[in-house]
Each structure stands twice: as C-alpha cells, then as structure tokens.
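Structure assessment
The chain contents come next:
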Amino acid sequence: MTAYDVIVLAGGAAKRLGGADKPGVRVGGRALLDRVLAACDGAARTVVVGDRRATVRPVVWTREVPPGGGPLAALGAGLRLTTADHVLVLSADLPFLGPGTVDALLAAAVQPGGEGALCTDSDGRDQPLLAAYRAEPLRRELALIATEHGSLAGLPLRMLTAELDLARVDAGADAAFDCDTWDDIAAARARIREHGAVLDEWITSVKNELGIELDVDSGVLLDLARDAAHGVARPAAPLTTFLVGYAAARASVGAGPDEAAAAVAEASRKATALALRWEAETAEAAEADESATSASEGGGAAGGAKPDRGREGTGTP
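Just so it is clear, the model here is predicted, and its values are computed rather than measured.

Some remarks on the overall build of the chain
On a plain count of helices and strands, the chain comes out with 11 helices and nine strands. Here the C-alpha atoms of the chain give a radius of gyration of 31 Å, more than 25% beyond the 20 Å that 2.2 N^0.38 yields for 317 residues. Within the chain, buried positions represent 40% of all 317 residues. Contacts spanning at least 24 positions in sequence make up 66% of the contacts within the chain whose residues lie at least 6 apart. Only carbon and sulfur atoms are counted for the fraction: they give 54% of the accessible area of the chain, which is about 17,500 Å². Computed over 31 positive and 45 negative side-chain charges, the separation of the two mean positions in the chain equals 5 Å.

What about the nonpolar core?
With 31 residues, the main nonpolar core has L88 and L130 as its most contacted residues. Those elements giving two or more residues to this core turn out to be β1 (5-9), α1 (32-39), β6 (86-91), α3 (99-109), β7 (116-120) and β8 (126-134). With five residues, α3 is the largest single contributor of residues to this core. Not counting the four nearest positions on each side in its chain, L88 is found in contact with Y4, D5, V6, I7, C40, V102, L105, A131 and A132.

Here's the deal with the sheet that holds strand β5 (residues 60-62)
Reading across the sheet, the seven strands line up as β5-β4-β1-β6-β8-β7-β9 and stay open at both edges, with mixed pairing between neighbours. Lying at the two open borders of the sheet, with one neighbouring strand each, are β5 and β9 (167-170). Neighbour-to-neighbour, the strand axes of this sheet turn through a mean angle of 25°, independent of strand direction. Bridge count for strand β4 (residues 46-49) against β5 is three bridges, and the pairing is parallel. Looking at the pairing, V48 lines up with W61 of β5.

Quick word on the packing of aromatic side chains
Applying the stated criterion to the full structure yields one aromatic pair. Each ring, one from F96 and one from F177, has its centre 5.9 Å from the other, and the planes form 55°; the classification is tilted. Separated by 81 residues along the polypeptide, F96 in the loop between β6 and α3 and F177 in the loop between α6 (172-175) and α7 (182-192) bring together distant segments of the chain. For the residue pair F96 and F177, the accessibility class agrees, reading buried in each case. Over the aromatic face of F177 sits the side chain of R191, whose NZ or CZ is 4.8 Å from the ring centroid.

Thresholds applied
- Residues numbered from 1 in each chain as written.
- Predicted model: local features only at pLDDT ≥ 70, side-chain atom pairs only at ≥ 80, totals over all residues.
- Heavy atoms only, no water.
- Helix = DSSP H or I, 4+ residues; strand = E, 2+ residues; numbered from the N terminus.
- Rg over C-alpha atoms; globule rule 2.2 N^0.38 Å.
- Buried < 20%, exposed > 50% of the residue type's maximum accessible area, 1.4 Å probe, protein only.
- Contact = heavy atoms within 4.5 Å.
- Areas by Shrake-Rupley, 256 points an atom, 1.4 Å probe, with all protein chains shown as cover.
- Lys, Arg positive; Asp, Glu negative; His and termini not counted.
- Charge placed at Lys NZ, Arg CZ, Asp CG, Glu CD.
- Core = buried A, V, L, I, M, F, W, Y, C linked by side-chain atoms within 4.5 Å.
- Pairing = 2+ DSSP bridges.
- Axes fitted to C-alpha atoms, helices over the stretch in contact; angles between N-to-C directions.
- Phe/Tyr/Trp six-rings, centres within 6.5 Å; stacked < 30°, edge-to-face > 60°.
- Lys NZ or Arg CZ within 6 Å of the ring centre and 35° of its normal.

On their own, these measurements won't tell you what the molecule is for.
This is the structure we're talking about:
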C-alpha cells in the first residue's frame, strides 16, 4: 500500500448553493466532508483546508491565504502541512467517492516516470480535485506559479495540471459526481435510496454514527432476521439481531475488527441454527395436530368406532 497524505479542499464559497455550508450538507445522514474522509482513512495525515467543524475522524486544519483565495491557494496551504511522497487531493463535495477510486489513483500515481494521476468524469473531463500527485513536482510547480504571478490566489487549477505529467483514471459516473447545486444534492440523496444501494448506505451511516469500525457480512444478518421472523415470530427478528450483536461484543472485548467480525458471524450461526430448530419443531407440532385432527374426523366418517345409537336399549346383540 502506497503511503500518502491527503488534502481536502473544503473552503469554497458555495455560491451556487446560496452560500450554504456545503461540506456540512448531509447526504444519506452524513456530511459531505465526512463521506470524503471515510474514503481516504488510510492516509498518514489528513489536512482539511476550510473552517473548523466536527468531523468523523481527526484532521489537521488550515486556511488558504487570503481566505477565499481559490483552489490553487488552498492546495498550496494544505501542501505545506504534508510530508508524504504522494499526496491525494480531493474536494469535499464527492458523496460517492470510495476507497476503490482512491486505490486506483494511488496505483496510477506511483508508476515510473509520471508525476501523478487524476480522474476523468464520464464526459472525459479532467478532475484535478480528484487526483493523486507526487509531492516533489507538485511543490515545484506551485512555487514556480507563485513566483511568476506573485501569489496563488485567484489562479485556476489548470495552470498547475497543465505543467505536470499526469496519468488519467476513469472515475466512472459515481466517484466523480460532485455537488455544486441543490439539484445535485437532491440527486445524490435520491441515488443512495435506490434499491440496490440503500441498504449498504444505511449500514455505513449507522456504523459511522455509532463509531463502529466493523466489516460484517450483512447478508448473514439478514438471513438470520428472516429465519427468526419466519420460524419464531416477526418481532423476533430485530430482537435476535440485537442479541447477536450484544453476544459478539462480549465475546470480542479487546479484540480487533477481524476478530469482532468473526464473533458476529459465529453468533449469527448459532442463532440461525436455533431459529431453524425452532421452526422445525413448530412444523412437527403442526403436522402432529393435523394428523390427529384427520384421524378423528376419519373415524367419525367410518362409523365403526362409535356405538349404534339406533340399537341402544333394545337388548339386541
């Protein structure tokens, strides 16, 4: 794994959002900034250029000079606080950025002869704030630009990227999706509620809210909930999954994430087996009741098991 620092630019004016605090806008219950930070949690140091705020994990804060001086000035301010040979540079408004894109950028950035890599969106446009750069050429070009123009304030990022030898990485439609307008925010919120994504988004948000760093097989838990609901009673599903979580937590006190995930899997296995045994017993009981009822009804229809009321008291043998 390539060692890297990350700089997240979170200090824009958000004019197209009416001046709203864009990094703090929530998509899927999580601030945009927190969603970006979650995608690059492997960074040795994380520098956020913007106003201080509560974040999902510790970061180093700084501001560009002057405040509002633009992305190139913000990048320069963040770069001064990094030490790694490779620097990931991200904007704070990428709701669907994931670790896979980060890994792809870093892998492309370390190729011999290059000076970094940036993503292109679905239309082929370069995304310099979704990129990984070698720190040394990045510092060199920023210094040259600042010397030529007197400062970095107000200058466009293309002045930097035009001078660097950068590989291109296809980010796909999701990773490069950024939120510049309220329509973008609405589209992002709608997308995470689509059938194929909503469950993973919800689980990730819950783990983030509870401070849980645990990668578990959600399919196992869903199967357990289904078996408990079907084999016992519908309210058994949430109660059983809660008890599994509690048992796993007790069994993995002081353990790492891998051991904790294994404890969840083992507790789920035991509870699932119990639910299936419970279901089997219920089915056996129902089958026995049905057989008894059928036998009773069948005996009445034959007439041989009951006395002949028409002959009672006649003395006829």
